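# Structural overview
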There are 2 protein chains.
Amino acid sequence: MKLLRVDMGQLEARWEPVPEVYERLGGRALTSRLLLEEVSPEHDALGLHNKLIFAPGLLGGTGVTAAGRLSIGAKSPLTGGVKEANAGGTAGDTLGKLGIKAVVVEGQPKNRGVYILHVTSDSAELLPAGNVRGLGTYATADRLQEQYGSDCTVLSIGQAGEYLLTGASIAGTGDGDQRSNHAARGGLGACMGSKGLKALVIDKPAARSVSLAEPELFRAAARRFAQELINDPKLGPKGGTHLYGTASITAAVNEMGSFPTRNFSTGSFEGAVNLRGETMREIILARGGRIGTRCMPGCVIACRNLYVDESGHAIVGTLQYETIALMGANLGLDNLDDVARLNYMCNDFGLDTVETGAALGVAIEAGLAKFGDFTSIAGLVRQVGEGTVLGRLIGCGAVTTGRVLGVRRIPAVLGQAIPGYDPRSLKGNGVTYATSPMGADHTAGNAFGARKEVNPLAVEGQRQLSLRLQIIGAMLDSTGLCLFARPPVIADPQLMVDMINGIYGWGWTSEDLDRFNRDVLRTELEFNRRAGITAADYRIPEYMREEPLAPHDATFDVPDSELDAVFDTL
Amino acid sequence: MKLLRVDMGQLEARWEPVPEVYERLGGRALTSRLLLEEVSPEHDALGLHNKLIFAPGLLGGTGVTAAGRLSIGAKSPLTGGVKEANAGGTAGDTLGKLGIKAVVVEGQPKNRGVYILHVTSDSAELLPAGNVRGLGTYATADRLQEQYGSDCTVLSIGQAGEYLLTGASIAGTGDGDQRSNHAARGGLGACMGSKGLKALVIDKPAARSVSLAEPELFRAAARRFAQELINDPKLGPKGGTHLYGTASITAAVNEMGSFPTRNFSTGSFEGAVNLRGETMREIILARGGRIGTRCMPGCVIACRNLYVDESGHAIVGTLQYETIALMGANLGLDNLDDVARLNYMCNDFGLDTVETGAALGVAIEAGLAKFGDFTSIAGLVRQVGEGTVLGRLIGCGAVTTGRVLGVRRIPAVLGQAIPGYDPRSLKGNGVTYATSPMGADHTAGNAFGARKEVNPLAVEGQRQLSLRLQIIGAMLDSTGLCLFARPPVIADPQLMVDMINGIYGWGWTSEDLDRFNRDVLRTELEFNRRAGITAADYRIPEYMREEPLAPHDATFDVPDSELDAVFDTL
């Protein structure tokens with residue numbers, strides 16, 4: 001395998017052998033390690049010295065189902081700490097097949113130019129962005145696929161990334177006509193913008209260029225893994241995840257009283273029934289949209305959808321739970337059409353829907369729009385694309401929006417907005433939000449699935465649960481596996497070990513895998529420590545620790561000492 | 001002496017004896033110690049648990065010349081750390097005469113009401129702000145002095161503080177018709193706004209209510225102190241400070257190449273001659289304005305002025321160096337009339353001119369106005385008062401403005417804008433900016449006066465110089481002494497010891513005073529440590545360490561190891 005170094009100062013891309021320290025790493029494990037090795041954590045995240053890293057997981061490009069997620073890493077301009085955000089689509093698989101361990105983007109153009117990086121199996125070239133400069137991510141992908149072929153993968157930023165807004169995402173194309181797989185969190189789109197890089201275009205390789213170390217071991221494990229997913233009652237062809245997508249959990253989160261509603265002011269929403277996955281499915285099917293589509297070819301779960309309007313025209317694909325929570329209930333909107341339209345706009349401008357939804361909730365509390373009023377809310381989102389001062393403010397996320405507008409109830413940790421589970425009534429997620437090196441991030445260790453195992457309203461057991469989930473999260477993000485695909489590898493860790501050994505021949509044991517996972521977190525915590533992040537920063541917002549949340553009148557009452565002890569046994 | 005506790009939640013003010021731990025403290029020593037004792041450094045600076053403290057210095061109310069400055073302290077919403085900002089005017093003297101060690105404002109009104117605190121020699125009462133709500137600081141002071149008497153002191157916030165903008169100051173009235181003595185830095189005006197406190201009105205006491213421990217010792221020392229100031233060639237009746245005010249240094253800073261010009265992009269300004277103190281004096285005298293006025297009654301230095309327009313009507317009093325640097329050269333304006341008009345607007349809205357000048361420089365770099373174009377710049381400042389989104393953004397200071405507008409050259413440390421000496425060519429100030437617990441602050445330890453002693457462009461000696469100046473700064477800010485009045489007490493530390501012993505009878509030695517001064521810094525560094533501020537935060541901005549500044553092509557090259565070692569010998 002090889003590494004692609006892209007020097008935006010010299011406008012040169014060059015291949016190099018994978019340095020030994022990175023050889024047994026992939027995905028998040030690699031992006032985080034590379035940051036710690038090569039970027040001083042004190043540097044300006046949007047400055048000359050930060051690096052933006054694209055890395056497929058260890059399983060990338062091997063054809064393992066649901067394992068082609070792409071990790072993107074950099075020092076975050078939003079949190080000031082380490083950041084890895086990953087997304088489905090075809091990029092991870094494609095880079096893996098090309099034998100590219102990582103693309104590392106360094107430096108900044110001296111002339112403030114904006115460029116495209118075109119990567120093929122044996123070449124890499126920087127070209128002026130020309131006619132895609134200033135475009136949204138949809139048009140950017142369309143134009144570049146017209147130019148480079150409809151089977152190439154495009155990773156791009158929209159206007160938000162070009163404006164260096166700290167809520168900006170990076171969008172990737174996916175299976176078929178999928179356009180919107182976002183590495184959404186932490187402002188990585190702004191990092192890409194600061195590098196003067198509008199898009200990566202990656203040609204589809206004919207076949208995988210790297211051979212398997214133990215093909216039989218690999219194939220048997222990969223086959224068993226896929227079969228177990230198919231057999232899983234939740235994930236299989238009749239499972240809720242396939243039928244309703246991520247929105248299958250809407251009703252349950254609302255019933256738990258953890259559904260962020262009107263800027264996190266209450267935990268259940270009277271309009272939640274209209275936002276349920278079941279409702280979404282009915283609407284989509286009745287209108288001739290699509291259910292059960294995939295972001296990655298060959299995924300057996302197929303959780304995605306194409307949400308269409310009454311005339312059957314596409315609004316957005318895919319509509320997901322976090323967006324429904326943050327841009328639906330959190331804005332007082334009880335209509336999926338409205339949420340889908342806001343979602344499309346965010347995707348197009350290249351914005352994290354969680355961060356933007358939270359920022360809009362704060363802006364509404366400041367009186368700039370009305371809860372439940374689509375027109376005034378959409379007007380604010382539109383301004384982000386237009387680049388007005390107000391739009392840029394919203395695009396910088398919840399904390400900056402709250403600071404400027406004088407709002408004190410800001411749902412964020414480490415500067416990053418809290419996703420769709422209020423930590424007061426799902427305290428395990430609160431522990432993850434508070435302690436994850438990534439800032440408030442549900443994918444870092446989501447306790448929702450363990451709600452029957454550990455009482456979400458109790459303090460006891462949350463610390464241990466969060467640590468366990470964060471270790472698993474590190475594994476998923478480093479192998480390229482989708483969060484949904486975790487049950488078989490959690491039930492039998494040997495399954496993942498066999499797949500890795502089958503590909504690379506490293507002879508790992510399950511202890512080696514566990515150490516690998518924990519090392520990811522250790523690396524990230526060390527980066528953050530050097531960046532100046534301390535226990536005082538790893539905290540849930542003050543108001544959530546003091547103001548009770550209806551309907552359970554719950555506060556986030558996990559003591560600081562418990563938060564500070566989460567990684568004691570790492 | 002006594003302490004006044006003001007509970008904004010219960011809308012109650014109550015007197016209490018001075019707790020023992022605060023007995024031998026005053027000014028900054030007291031505000032910082034009280035914060036460490038009573039406010040958890042992790043709390044939201046604009047939330048329920050922060051406290052806003054008004055404290056005269058140890059010499060306050062005794063009639064020592066130039067010693068009536070008032071310290072105001074709180075956890076800073078701008079830096080996230082400890083903050084003390086002080087100002088001249090009559091408040092410090094008045095509180096001292098009333099025997100009030102400190103006014104401590106706690107909690108927040110439940111109803112979002114806005115109040116005035118009226119303090120007399122034996123009463124303290126909270127009243128609805130009524131007709132001064134929403135007014136600027138000039139009109140607020142005028143109305144309250146009409147109501148409570150022209151000899152009462154008014155401390156107030158303008159619109160900026162009411163909007164909770166992190167660049168908001170607190171204005172105090174002064175001698176005669178002086179209206180604008182600002183405790184400007186660190187966003188203390190926003191803290192006051194967050195407490196629902198629009199103004200303090202302090203009645204003038206008939207006489208000092210606390211007796212002197214050793215009247216003879218005190219009077220002899222105070223007399224000698226005043227005489228030495230009068231005899232000082234720089235400070236006396238023919239000295240530059242009296243003749244030209246703080247602007248006496250403009251030419252020298254410009255010649256050093258340290259004059260912040262066009263968002264700190266160069267260190268000398270072609271229009272500097274028009275901004276010199278000598279020019280200012282000529283203009284003021286020719287137009288019938290005033291030179292040599294005082295903020296505090298009885299000050300023998302009398303550095304202030306009333307800047308008037310061509311018809312002799314007041315524009316602003318007093319026009320000072322830092323404002324001339326940040327709102328003049330830094331904005332490309334070479335006309336004192338323009339600077340004076342911007343200064344008036346900032347004073348009226350209750351804005352730190354340093355923070356606002358730096359924010360405007362950043363906004364101009366982003367294209368929102370033009371360097372040297374008064375009309376477009378004044379339009380931006382006007383919006384702060386109007387409370388538009390853009391205005392609020394500017395009012396939040398340089399860092400937030402830069403973040404939202406995508407500008408990377410932001411002159412700030414710990415989130416606070418750098419004042420009128422570019423640290424690249426006055427490296428001693430750079431060390432102070434970087435390491436002071438206050439963030440970038442020239443009054444924390446200004447090396448300008450030592451430029452003939454330690455080469456401003458060299459690395460050597462800056463660390464030791466900064467520490468020495470920071471210790472002196474702590475003494476000045478804790479005794480209520482004006483920065484200008486330091487030469488006699490530096491030349492003979494026993495002079496200050498005698499004045500303190502004369503008032504309080506503590507029997508201090510000069511070693512006790514030195515320990516007292518150092519304890520101030522230790523207390524503040526400890527508060528910041530608990531607030532999560534680390535070595536990574538105590539740094540000069542990246543671009544100033546890499547981009548050379550004309551005319552000396554200097555970068556800020558004091559190594560991190562030197563910065564980290566500043567307090568090793570504290």
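As the structure is a computational prediction, the values presented were derived from the model and not from experiment. (Residues numbered from 1 in each chain as written. Chains lettered and ligands numbered in written order. Predicted model: local features only at pLDDT ≥ 70, side-chain atom pairs only at ≥ 80, totals over all residues. Heavy atoms only, no water.)

### Quick look at the side chain of Asp498 of chain A
Operational definition: Labels follow the DSSP assignment, with helices taken as runs of H or I lasting at least four residues and strands as runs of E lasting at least two, numbered in each case from the N terminus. Two residues qualify as a contact provided that any one of their heavy atoms is within 4.5 Å of a heavy atom in the partner residue.
Tracing the chain through its elements places Asp498 of chain A in helix 19 (residues 493–504). Setting aside chain neighbours within four positions, we find Asp498 of chain A in contact with Leu217, Phe218 and Ala221 of chain A.

### Focus on the pairing of strand 4 (residues 70–75) of chain A
Residues and elements named next belong to chain A. Selection rule: Working definition: with a 1.4 Å probe on protein chains only, accessible area under 20% of the residue-type maximum means buried, over 50% means exposed, and in between means partly exposed. A pair of strands is treated as paired once DSSP finds two or more bridges between them.
The element strand 4 is extensively covered by neighbouring structure, given that 6 of its 6 residues are classed as buried. In terms of strand pairing, strand 4 meets strand 5 (residues 82–87) through 6 bridges, oriented antiparallel. Looking across to strand 5, one finds that Ile72 is bridged to Ala85.

### Thoughts on the sheet that holds strand 2 (residues 12–17) of chain B
Residue and element names in this part refer to chain B. Heads up, the rule is: Note on method: axes are straight lines fitted to C-alpha atoms, helices fitted across the in-contact stretch only, with angles between N-to-C directions ranging 0 to 180 degrees.
Read across the sheet, 6 strands follow the order 2-1-6-3-4-5 without closing on themselves; strand pairing throughout is mixed. Because the sheet does not close on itself, it has two edges, and the strands there are strand 2 and strand 5 (82–87). Each strand axis lies, on average, 20° off the axis of its neighbour in the sheet, ignoring direction. Where strand 3 (residues 52–56) lies against strand 4 (residues 70–75), 4 bridges are found, and the strand directions are antiparallel.

### With respect to the nonpolar core
A general feature of soluble globular proteins is that nonpolar side chains tend to end up buried together. Rule in force here: Buried Ala, Val, Leu, Ile, Met, Phe, Trp, Tyr and Cys residues form a nonpolar core when they are joined through side-chain atoms within 4.5 Å.
If you look at the biggest cluster of nonpolar residues, it comprises 284 residues, and the most contacted ones within it are Met499 of chain A together with Met499 of chain B. Residue contacts for Met499 of chain B: discarding those within four places in its chain leaves Leu59, Val64, Phe218, Ala221, Ala222, Phe225 and Val489 of chain B.

### Let's talk about the pairing of strand 3 of chain B
Residues and elements named next belong to chain B. In terms of burial, strand 3 is largely enclosed, as 5 of its 5 residues are buried. In strand 3, alternate side chains face the same way, and those of Leu52, Phe54 and Pro56 on one face and Ile53 and Ala55 on the other are all buried. Relative to strand 6 (residues 100–106), strand 3 is paired through 3 bridges, and the arrangement is antiparallel. Bridging from a neighbouring strand, Leu52 pairs with Val105 of strand 6.

### Re the relation of the copies chain B and chain A
The condition is simple: The atoms used to superpose the copies are C-alpha atoms, taken from residues with pLDDT of at least 70 in both, and the fit is least squares.
Expressed as a screw operation, the relation of chain B to chain A combines 0.0 Å of axial shift with a rotation of 180°, fitting to an RMSD of 0.0 Å. Such a turn and shift between the copies fits a two-fold axis.

### Observations regarding the sheet that holds strand 7 (residues 115–119) of chain A
All names here are of chain A. Spatially, 6 strands are ordered 8-7-12-9-10-11 in an open sheet, and the strand pairing comes out mixed. Taken across any chain shown, the strands that pair with only one partner, and hence form the sheet edges, are strand 8 (124–128) and strand 11 (181–183). Neighbour-to-neighbour, the strand axes of the sheet open up by a mean angle of 20°, direction not taken into account.

### Concerning the packing of helix 1 (residues 27–38) of chain A against helix 17 (residues 462–479) of chain A
Residues and elements named next belong to chain A. Rules: Any angle between 65 and 115 degrees counts as roughly perpendicular, while under 35 counts as roughly parallel, over 145 as roughly antiparallel, and the rest as oblique. Residue polarity is assigned by list, with Asp, Glu, Lys and Arg as charged and Ala, Val, Leu, Ile, Met, Phe, Trp, Tyr, Cys and Pro as nonpolar; anything else, Gly included, falls into the polar class.
As a packed pair, helix 1 and helix 17 sit with axes 4 Å apart at the nearest point and diverge in direction by 95°. Here helix 1 is positioned roughly perpendicular relative to helix 17, judged by the angle of their axes. Along the contact surface, helix 1 presents Gly27, Arg28 and Ala29, while helix 17 presents Gly473, Ala474, Asp477 and Ser478. Of the residues contributing to the contact of helix 1 with helix 17, the split by class is 2 nonpolar, 3 polar and 2 charged.

### Observations regarding the interface of chain B and chain A
Heads up, the condition is: The term buried area means the drop in 1.4 Å probe accessible area that two parts suffer when joined, counted for both and summed. Should a side-chain nitrogen of Lys or Arg be within 4 Å of a carboxyl oxygen of Asp or Glu, the pair is scored as a salt bridge. Counting of polar contacts relies on pairs of N or O atoms within 3.5 Å, with two restrictions inside protein: one atom must be capable of donating a hydrogen and the other of accepting it, and residues adjacent in sequence are counted only when both atoms are side-chain atoms.
Counting residues at the interface gives 37 residues for chain B and 37 residues for chain A. Of the roughly 2,800 Å² buried where chain B meets chain A, counting both sides, 49% is carbon and sulfur surface. Here chain B and chain A share 4 salt bridges between them. Measuring nitrogen to oxygen at the nearest pair gives 2.6 Å for the salt bridge that ties Asp44 of chain B to Arg408 of chain A. Where chain B touches chain A, the interface holds 14 residue pairs in polar contact (both at pLDDT 80 or more).

### Comments concerning the pattern of salt bridges
Inspection of the entire model under this criterion finds 74 salt bridges over all chains. The salt bridge involving Arg33 of chain B is made with Glu37 of chain B; its shortest N-O contact spans 2.7 Å. Of this pair, Arg33 of chain B and Glu37 of chain B are both found in helix 1 (residues 27–38), 4 residues apart, which corresponds to roughly one turn of the helix. Since its relative accessible area comes to 41%, Glu37 of chain B is described here as partly exposed. One network of salt bridges, with partners in common, ties together Arg5, Arg14, Glu16, Glu38, Lys51 and Glu106 of chain A.

### Thoughts on the environment of Asp7 of chain A
Residue and element names in this part refer to chain A. Within the fold, Asp7 resides in strand 1 (residues 2–7). The class of Asp7 is partly exposed, set by a relative accessible area of 22%. In this structure, the C-alpha to C-alpha distance between Asp7 and Ile230, residues 223 residues apart in sequence, is 44 Å. Residue contacts for Asp7: discarding those within four places in its chain leaves Glu12, Glu106 and Leu126. Of the polar contacts made by the side chain of Asp7, one reaches the backbone nitrogen of Gly9; its length is 2.8 Å.

### Let's talk about helix 3 (residues 137–148) of chain A
All names here are of chain A. Inclusion rule: Here the expected length of a helix is defined as 1.5 Å per residue gap, with one fewer gap than residues. Here, the arc refers to the directions that run from the helix axis to the C-beta atoms.
Over its 12 residues, helix 3 runs 16 Å from end to end, which matches the ideal 16 Å to within 8%, given 1.5 Å per residue. Burial in helix 3 covers these residues: Thr137, Tyr138, Thr140, Ala141, Leu144 and Gln145. In a view along the axis of helix 3, the buried residues occupy a sector of 160°, so they form one face of it. Turned more than 90 degrees from where helix 3 packs its buried face, Glu146 and Gln147 sit exposed. Contacts from the buried residues of helix 3 go to strand 7, strand 9 (153–156), strand 10 (170–172), strand 12 (197–202), strand 15 (314–316) and helix 11 (336–349). Looking one or two residues past helix 3, Gly149 carries a phi angle of roughly 110°, positive in sign.

### Comments concerning the side chain of Arg392 of chain B
Stated formally: When charges are counted, Lys and Arg contribute as positive and Asp and Glu as negative, whereas His and the chain ends are disregarded.
Positionally, Arg392 of chain B belongs in helix 14 (residues 389–395). In this structure Arg392 of chain B is buried but unpaired, with Glu162 of chain B as the nearest side chain of opposite charge at 9.6 Å. Arg392 of chain B has contacts with Val404 and Leu405 of chain A together with Tyr163, Leu165 and Gly387 of chain B, leaving out every residue within four places of it along the chain.

### A short note on the state of the cysteines
Disulfides are covalent bonds that connect the sulfur atoms of two cysteines. Our working definition: The disulfide criterion used throughout: a pair of cysteine sulfur atoms within 2.5 Å.
Scanning the model with the defined rule gives 0 disulfides over all chains in all. Free of any disulfide, Cys396 of chain B has its nearest cysteine sulfur in Cys396 of chain A, 12 Å distant. Summary of cysteine pairing: Cys482 of chain B is not part of a disulfide, and the nearest cysteine sulfur, belonging to Cys303 of chain B, is at 6.1 Å.

### Structural notes on the packing of aromatic side chains
Worth spelling out the cut-off: For this analysis, a ring pair means two rings from Phe, Tyr or Trp (six-membered ring only for Trp) whose centres lie within 6.5 Å, classed as stacked if their planes differ by under 30 degrees, edge-to-face if by over 60, and tilted for the remaining angles. Cation placement over rings: the criterion is NZ of Lys or CZ of Arg within 6 Å of the ring centroid and within 35° of the ring normal.
Evaluation of the coordinates by the stated rule reveals 14 aromatic pairs over all chains. With a centroid separation of 5.5 Å and 40° between ring planes, the pair formed by Tyr321 of chain B and Tyr421 of chain B is classed as tilted. Here Tyr321 of chain B, found in helix 10 (residues 321–327), pairs with Tyr421 of chain B, found in the loop between strand 17 (416–417) and helix 16 (427–435); they are 100 residues apart in sequence, far enough to count as distant. We classify Tyr421 of chain B as buried; its relative accessible area is 3%. Measuring from ring centre to ring centre gives 4.3 Å for Tyr504 of chain B and Trp506 of chain B, while their planes differ by 15°; the resulting arrangement is stacked. Per residue, the accessibility class of Tyr504 of chain B equals that of Trp506 of chain B, and both read buried. Through pairs of rings, three or more aromatic residues link up here, namely Phe259, Tyr321, Tyr421 and Phe448 of chain A. Stacked on the ring of Tyr163 of chain B, the Lys or Arg Arg392 of chain B has its end atom at 4.3 Å from the ring centre.

Without other data, these values stay purely geometric and don't point to any function.
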